[in-house]
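As a plain string of letters, each chain reads:
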Amino acid sequence: MEIDLLILEGKALAGISCQRELLNKYDLWCSKVKTYLDQIGCTEIERKEINVKMHYVENEYSPIETIEELKKSLGNTIRILEEKADVFGREGNKKNDLSVVERILENFYMYYHAMYKNPVHKKGTLTLEALSAIQIGNEYDLQRMLYSLLLPLFPTSRQEVYSDNGYAGMRADIYLNLYNLIIETKCTRESMAEKQLIEEMGADAFHYQANVIYFFIYDRVGIIKNPEAFKEAFARGSGKSGKTVKVFLLQPREL
């Protein structure tokens, strides 16, 4: 639900005079507000501030005072939602857009199969032989394919973006500036050990100055022994570091 619709729904509650109906609908509305705040990923401080505004004390001896107290809390909550509507709206859009990026990374293999592996139409000029010749040999190939998928949806995304981490320059494979998101592509090779890949990713996650870092790995030679544990080991929420880190992994059997 959008923030504007939540505010309108809250304002509609002000016209209810029946205590029990108002209590039930207000509690339900508060649950929707909390769900919305979780969905957009608002800060803990913002969440606590709104929770305080939503709180009311029920007077079991005076329905009138209970209604007055509840409507006061309702009004305070609506006001703070209106004050933060623009910020929350942007956060909601940002989270939705990041979800789109994640779906592209998670389902990249579907694009690869549809484009390069599936049978071609007999009236088309593309041949399966020509398409099958296109292979992902290294991370530069992977980066090119991924960037071509992201660019139509995120036209301001850039490749090979340099930044200064305070000591030396860092190069981000793909950078989406609107979300301060870096996508780092990796492709394993015969001369690479799993330990080396882990060390490279650890250094990147530490040094990149971005709010969100996604690692997109094609384990071409199958050096990652336990894919699920590998992804879990690198996953980070924003936490103290202020960074969100996720790993998206392609295995040879998928391509």
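Analysis parameters
Residues numbered from 1 in each chain as written. Predicted model: local features only at pLDDT ≥ 70, side-chain atom pairs only at ≥ 80, totals over all residues. Heavy atoms only, no water. Helix = DSSP H or I, 4+ residues; strand = E, 2+ residues; numbered from the N terminus. Rg over C-alpha atoms; globule rule 2.2 N^0.38 Å. Buried < 20%, exposed > 50% of the residue type's maximum accessible area, 1.4 Å probe, protein only. Contact = heavy atoms within 4.5 Å. Areas by Shrake-Rupley, 256 points an atom, 1.4 Å probe, with all protein chains shown as cover. Lys, Arg positive; Asp, Glu negative; His and termini not counted. Charge placed at Lys NZ, Arg CZ, Asp CG, Glu CD. Salt bridge = Lys/Arg side-chain N within 4 Å of Asp/Glu carboxyl O. Core = buried A, V, L, I, M, F, W, Y, C linked by side-chain atoms within 4.5 Å. Phe/Tyr/Trp six-rings, centres within 6.5 Å; stacked < 30°, edge-to-face > 60°. Patch = residues over 30% accessible without salt bridge, like charges linked within 9 Å, V, L, I, M, F, W, Y side chains within 5 Å.

A.B. asks: Teacher, can you tell me more about the overall build of the chain here?
C.D. replies: Helix and strand counts for the chain come out as ten helices and five strands. Computed over the C-alpha atoms, the radius of gyration of the chain is 25 Å, more than 25% above the 18 Å expected from 2.2 N^0.38 for a compact globule of 255 residues. For the chain, the spread of C-alpha atoms along the three principal axes comes to 80 × 55 × 35 Å. Buried positions account for 40% of the 255 residues belonging to the chain. Relative to all contacts within the chain whose residues are 6 or more apart in sequence, the contacts with residues 24 or more apart total 66%. A total accessible area of about 14,900 Å² is found for the chain, and carbon and sulfur atoms account for 53% of it. In the chain, 33 side chains carry a positive charge and 37 a negative one; their mean positions are 3 Å apart.

A.B. asks: Please explain the pattern of salt bridges as it appears in this structure.
C.D. replies: Pairing between side chains becomes possible if they bear opposite charge and their charged atoms approach one another. Scanning the model with the defined rule gives 16 salt bridges in all. When the shortest N-O distance is used, the salt bridge between Glu9 and Lys32 registers 2.9 Å. Taken together, the residues Glu9 in helix α1 (residues 3-12) and Lys32 in helix α2 (residues 19-40) connect sequence positions 23 residues apart. Lys84 serves as the salt-bridge partner of Glu49, at 3.9 Å between the closest nitrogen and oxygen. Here Glu49, found in helix α3 (residues 44-54), pairs with Lys84, found in the loop between α4 (63-83) and α5 (85-106); they are 35 residues apart in sequence, far enough to count as distant. Among the residues examined, Glu49 registers a relative accessible area of 35% and is labelled partly exposed. For Lys84, a relative accessible area of 19% puts it in the buried group. What emerges from the salt-bridge pattern is a single network uniting Glu184, Lys186, Glu200 and Asp204.

A.B. asks: Would you take a moment to explain the nonpolar core for this structure?
C.D. replies: Val101, Leu181, Ile183, Tyr214 and Phe216 are the most contacted members of the largest nonpolar core, which has 28 residues in total. Among the secondary structure elements, those contributing two or more residues to this core are α5, α6 (108-117), α8 (139-150), β2 (169-176), β3 (181-187), β4 (212-218) and β5 (244-250). Per-element tally for this core: the top contributor is α8, with five residues. Beyond its immediate chain neighbours, meaning those up to four positions away, Val101 contacts Leu150, Phe154, Leu176, Leu181, Ile183 and Tyr214.

A.B. asks: Which parts of the structure should I look at to understand the packing of aromatic side chains?
C.D. replies: How two aromatic rings sit relative to each other is given by the distance of their centres and the angle of their planes. Scanning the model with the defined rule gives ten aromatic pairs in all. Ring centres of Tyr112 and Tyr116 lie 5.2 Å apart, and the angle between their planes is 50°; this geometry places the pair in the tilted category. Residue Tyr112 and its partner Tyr116 are both found in helix α6; the two are separated by four residues, about one turn of the helix. With respect to class, Tyr112 is no different from Tyr116; both count as buried. An aromatic cluster of three or more residues is present, and its members are Phe108, Tyr111, Tyr112, Tyr116 and Phe216.

A.B. asks: It is not clear to me how a nonpolar patch on the surface should be interpreted in this structure. Could you clarify?
C.D. replies: On the surface, Met115, Val120, Leu126 and Leu128 cluster together into a nonpolar patch covering about 300 Å² of accessible area. On the secondary structure map, Leu126 appears in the loop between α6 and α7 (128-132).

Purely geometric stuff here, so don't read any function into it on its own.
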